[in-house]
Amino acid sequence: MNKQELIEELECIEVSTDSLDYLRGADYANERAISLAKQLDEPKKVVVPKFVAEWIEYAKKKGDSLIVSFNPWDLYGEEYIEATRWIDNNQETFALAWVNGYEVEKEQLYYVKLPEIGYMRFGKKYFYSTDKEDAKRYTENQIKAIDERYWPFAVKVDGE
């Protein structure tokens with residue numbers, strides 16, 4: 001049961017009795033319990049890279065335990081080596097993510113600025129723009145999927 005479920009359960013408690021003093025005491029006790037429940041600290045979710053989040057989801061779906069999930073390389077092969085390395089270097093964070101939940105780290109976004117042409121904006125009406133605000137933002141993998149030769153022209157998007 002989490003904090004919100006506890007509060008909802010306490011809010012649903014009803015006391016029916018003929019004694020007004022008993023009813024007042026029960027109401028006070030219930031209100032005090034709700035007040036205390038609202039002060040409980042909930043564990044903070046840790047931030048993990050997308051590939052780690054994907055691994056956690058996959059491992060849980062397969063029914064792996066936390067201890068087994070620490071070694072994806074041993075179980076599932078080379079495609080999980082990146083997750084294995086990250087887990088080895090961040091064991092406590094991984095365990096907290098597994099138990100308490102997590103937020104996925106936002107991937108760095110980039111503009112692709114080609115000299116003397118402008119900013120790339122594939123998927124829109126025109127392919128290039130001289131206006132940075134009109135440019136499309138891409139992840140590293142998206143740029144490389146379009147064409148690896150665009151990667152050297154990638155410029156980080158600030159503040160994202």
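Below: a short report on this structure. What you see as residue numbers is a count from 1 along each chain, following the sequence as written. With the structure being a predicted model, the display of local features is reserved for residues of pLDDT at least 70 and the display and counting of side-chain atom pairs for 80 or more, all residues being used for whole-chain, interface and lining totals. Side-chain measures were taken over the full set of non-hydrogen atoms in the model, leaving aside hydrogen atoms and water.

## Remarks on the overall build of the protein chain
Strands here mean DSSP runs of E at least two residues long; helices mean DSSP runs of H or I at least four residues long; both are numbered from the N terminus. In terms of helices and strands, the protein chain carries eight helices and six strands. Ordered by position from N to C terminus, the α and β elements of the protein chain give α-α-β-α-α-α-α-α-β-β-β-β-α-β. By definition, residues are in contact when any of their heavy atoms lie within 4.5 Å. At a minimum sequence separation of 6, the contacts of the protein chain that also span at least 24 residues come to 60%. Summed over its atoms, the accessible surface of the protein chain is roughly 11700 Å², and 48% of this surface lies on carbon and sulfur atoms. Residue-level accessible areas treat just the shown protein chains as cover; the underlying method is Shrake-Rupley with a 1.4 Å probe.

## Regarding the packing of helix α6 (residues 81-89) against helix α7 (residues 91-100)
Every angle, taken between N-to-C directions, lies between 0 and 180 degrees, and every axis is a line fitted to C-alpha atoms, over only the stretch in contact when it is a helix. The contact between α6 and α7 brings their axes to 5 Å, and the two run at 105 degrees. With respect to α7, the element α6 is oriented roughly perpendicular. In this structure, α6 contributes W86, I87, D88 and N89 to the contact, and α7 contributes Q91, T93 and F94. When residues are grouped by polarity, Ala, Val, Leu, Ile, Met, Phe, Trp, Tyr, Cys and Pro land in nonpolar, Asp, Glu, Lys and Arg in charged, and all others, Gly among them, in polar. Taken together, the residues that form the contact of α6 with α7 break down as three nonpolar, three polar and one charged. Angle categories are assigned with fixed cut-offs, so that under 35 degrees is roughly parallel, over 145 is roughly antiparallel, 65 to 115 is roughly perpendicular, and the rest are oblique.

## Looking at the packing of helix α3 (residues 50-62) against α7
Where α3 contacts α7, the axes come no closer than 11 Å and their chain directions differ by 50 degrees. Accordingly, the angle class assigned to the pair α3 and α7 is oblique. Taken as a pair, α3 and α7 cross one another with a handedness that is right-handed. Each of V52, W55, I56, A59 and K60 in α3 lies in contact with α7, whose residues at this interface are F94, A97 and W98. Residue composition of the contact of α3 with α7, grouped by class: seven nonpolar, no polar and one charged. Note on convention: near helix rotated counterclockwise from far helix by under a right angle means a left-handed crossing. Clockwise means right-handed.

## Thoughts on the environment of L66
Assignment of secondary structure puts L66 in helix α4 (residues 66-69). Sequence separation between L66 and W98 is 32 residues, and the spatial gap between their C-alpha atoms is 7.0 Å. Ignoring anything within four residues of it in the chain, the contact list for L66 reads F94, A95, W98 and V99.

## Points about the pattern of salt bridges
Any carboxyl oxygen of Asp or Glu that lies within 4 Å of a side-chain nitrogen of Lys or Arg is treated as forming a salt bridge with it. Applying the stated criterion across every chain yields a total of two salt bridges. Between D147 and R149 there is a salt bridge, with its nearest N and O atoms 2.7 Å apart. Look at D147 and you get partly exposed, because its relative accessible area is 22%. Relative accessible area decides the class of each residue, using a 1.4 Å probe on protein chains only: under 20% of the type maximum gives buried, over 50% gives exposed, and in between gives partly exposed.

## Regarding the packing of aromatic side chains
Ring geometry is summarised as follows: Phe, Tyr and Trp rings, the Trp one being its six-membered ring, pair when their centres sit within 6.5 Å, and such pairs are stacked at plane angles under 30 degrees, edge-to-face over 60 and tilted between the two. In the structure shown here, the tally under the stated rule is four aromatic pairs. Taking 5.9 Å as the distance between ring centres and 45 degrees as the angle between the ring planes, the aromatic pair formed by W55 and Y58 counts as tilted. Of this pair, W55 and Y58 are both found in helix α3, three residues apart, which corresponds to roughly one turn of the helix. Here W55 falls in the buried class, since its relative accessible area comes to 0%. Considering the side-chain rings of F70 and F94, the 5.1 Å spacing of their centres and the 75 degrees angle between planes classify their relative orientation as edge-to-face. Here the residue F70 occupies a position in the loop between α4 and α5 (72-76), and F94 occupies one in helix α7, the gap between them amounting to 24 residues. This pair shows no difference in class: F70 is buried, exactly as F94 is. An aromatic cluster is present here, built from F70, F94 and W98 joined pairwise through their rings. The side chain of K60 reaches across the aromatic face of W98, ending 5.1 Å from its centre. Consider the ring centre and the ring normal. A charge sits over the ring if Lys NZ or Arg CZ is within 6 Å of that centre and within 35 degrees of that normal.

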